[in-house]
Protein chains: 2
Amino acid sequence: MLRLSTKGQYGVRAMFEIAKGYPDKPIPIKEISERQDVSVAYLEQILNKLRNRGLIKSIKGPGGGYVLNKKPANISIGSILRELEGPVAITSCLDPEEGCIRVDGCVTYMLWKSLGEKIEGFLDTVSLYDLIEGTLYKNSK
Amino acid sequence: MLRLSTKGQYGVRAMFEIAKGYPDKPIPIKEISERQDVSVAYLEQILNKLRNRGLIKSIKGPGGGYVLNKKPANISIGSILRELEGPVAITSCLDPEEGCIRVDGCVTYMLWKSLGEKIEGFLDTVSLYDLIEGTLYKNSK
DNA sequence: GAATACTCTACTAAAGTTGTCAAGTATTCG
DNA sequence: CGAATACTTGACAACTTTAGTAGAGTATTC
């Protein structure tokens, strides 16, 4: 249960590759594709979204590629996933775009809300820097 | 992102209704259907699964219905969801039935694993009793 | 024996996911 | 200039999952 789509997964892995070139080495999409084993065409969709949301910028022409707009330590996994898949919304009640139909208080509303907050809280504390440094292996984060 | 399927959601809500009759009042499926606004036929599938896994038992004939097999305080939301949707598996790498294809250490493996553990940890601390008593509203659980 | 109530399997429409494809634009370097 | 590199965008389609419906059957009580 609670599977993350491949877009989100690949997005994080792509950002990880781009982060490794920060701040001055643009990473071409082809390189990301080879290293992370994801097709160039699919990556384009993902990186486009991340670029439009301001997480990365692109440099055209030979020697070009993608570069982070902020320090790896300032880009959380949560922010990447939110741009690609929207906010955590365990149920449709909690999706800002849908909302709850049932007027009376739903017994499980608070449950899913708490869970969502727990998840986002965690994802917002982990950054690309942590991924590069392997912080997750070292402490109890 | 990370939406729970309706089967899981309805399952928890159905268990909540059944819990209210514990220990001696069987709740007929029709009553659950009306109170939680889910079709009888769909509920049948869900309750069948929960019965086969031993969380509830059924009593046939007039006056029959479903009854919990354990105290509400001893049935966690996590256990209900696991029976209906399998274990938390943010990515296919972490699904016991699939496993990771990439032999080399995936940079994000630990990330998704930690997240999954956080989620299951939370869901295992909340019980049907908490749902009935509204514990989530009262403390910081 | 009629009413109540659970049991089980098959099936399907809709939605979402996971990509591919093709045509185009921008930039650099020799 | 012009060729190579690299990003940009939108359309589209196969596949899978989800969310449910349908229907025939079994068991129990009063």
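Residues numbered from 1 in each chain as written. Chains lettered and ligands numbered in written order. Predicted model: local features only at pLDDT ≥ 70, side-chain atom pairs only at ≥ 80, totals over all residues. Heavy atoms only, no water.

**Here we look at the protein's contact with DNA strand D**
Here comes step 1: In the neighbourhood of DNA strand D, 27 residues make up the surrounding shell, with Glu44(A), Arg51(A), Ser58(A), Ser39(B) and Gln45(B) lying closest.
Here comes step 2: Here the atoms of DNA strand D within 4 Å of the protein split so that 67% fall in sugar or phosphate, with bases taking the remainder.
Here comes step 3: At 3.2 Å, a side-chain N or O of Tyr66(A) approaches a phosphate oxygen of DNA strand D.
Here comes step 4: For the surface near DNA strand D, the secondary-structure elements that each account for two or more residues are helix 3 (40-52), strand 1 (56-59) and strand 2 (65-68) of chain A together with helix 1 (6-20) and helix 3 (40-52) of chain B.
Here comes step 5: When the residues that make up the surface near DNA strand D are grouped by side-chain class, the tally is 10 nonpolar, 12 polar and 5 charged. (Near = heavy atom within 4 Å. Polar contact = N/O pair within 3.5 Å; in protein donor to acceptor, adjacent residues only side chain to side chain. Helix = DSSP H or I, 4+ residues; strand = E, 2+ residues; numbered from the N terminus. Nonpolar A, V, L, I, M, F, W, Y, C, P; charged D, E, K, R; others polar.)

**A word on the interface of chain B and chain A**
Here comes step 1: Across the contact, 42 residues belong to chain B and 42 residues belong to chain A.
Here comes step 2: For the chain B and chain A pair, buried surface summed over both sides reaches about 4000 Å², with 68% attributable to carbon and sulfur atoms.
Here comes step 3: Sorting the residues of chain B by area buried against chain A places Met1(B), Leu2(B) and Arg3(B) first, and these three jointly supply 21% of that buried surface.
Here comes step 4: Where chain B packs against chain A, one counts 12 residue pairs in polar contact (both at pLDDT 80 or more).
Here comes step 5: Residue assignment for the side of chain B that touches chain A shows that the elements contributing at least two residues are helix 1, helix 2 (29-36), helix 4 (77-85), helix 5 (109-125) and helix 7 (135-138) of chain B.
Here comes step 6: Considering every element that reaches the side of chain B that touches chain A, the biggest residue donor is helix 5 of chain B, with 9 residues.
Here comes step 7: Counted by class, the side of chain B that touches chain A contains 24 nonpolar, 7 polar and 11 charged residues. (Contact = heavy atoms within 4.5 Å. Buried area = accessible area lost by both parts, 1.4 Å probe.)

**Side note on the packing of helix 2 (residues 29-36) of chain A against helix 3 of chain A**
Residues and elements named next belong to chain A.
Here comes step 1: Two elements in contact, helix 2 and helix 3, have axes whose closest approach is 9 Å; the angle formed by their N-to-C orientations is 115°. The orientation of helix 2 relative to helix 3 falls into the category roughly perpendicular. Seen along the crossing, helix 2 lies across helix 3 with a hand that is right-handed. Contact with helix 2, carried on its side by Ile-29, Lys-30, Ile-32 and Ser-33, involves Val-40, Leu-43, Glu-44 and Leu-47 of helix 3 and no other residues of that element.
Here comes step 2: Class assignment of the residues belonging to the contact of helix 2 with helix 3 gives a composition of 5 nonpolar, 1 polar and 2 charged. (Axes fitted to C-alpha atoms, helices over the stretch in contact; angles between N-to-C directions. Parallel < 35°, antiparallel > 145°, perpendicular 65-115°, else oblique. Left-handed = near helix turned anticlockwise from the far one by under 90°.)

**What about the protein's contact with DNA strand C?**
Here comes step 1: Close contacts around DNA strand C come from 27 residues, with Ser39(A), Gln45(A), Glu44(B), Arg51(B) and Ser58(B) the closest.
Here comes step 2: Counting only the atoms of DNA strand C that lie within 4 Å of the protein, the sugar and phosphate share comes to 68%.
Here comes step 3: Side-chain polar atom of Lys60(A) to a sugar or linking oxygen of DNA strand C: 3.0 Å apart, as the coordinates give it.
Here comes step 4: With respect to DNA strand C, the side chain of Glu44(B) contributes an N or O atom lying 3.1 Å from a base nitrogen.
Here comes step 5: Those elements that provide at least two residues to the surface near DNA strand C are helix 1 (6-20) and helix 3 of chain A together with helix 3, strand 1 (56-59) and strand 2 (65-68) of chain B.

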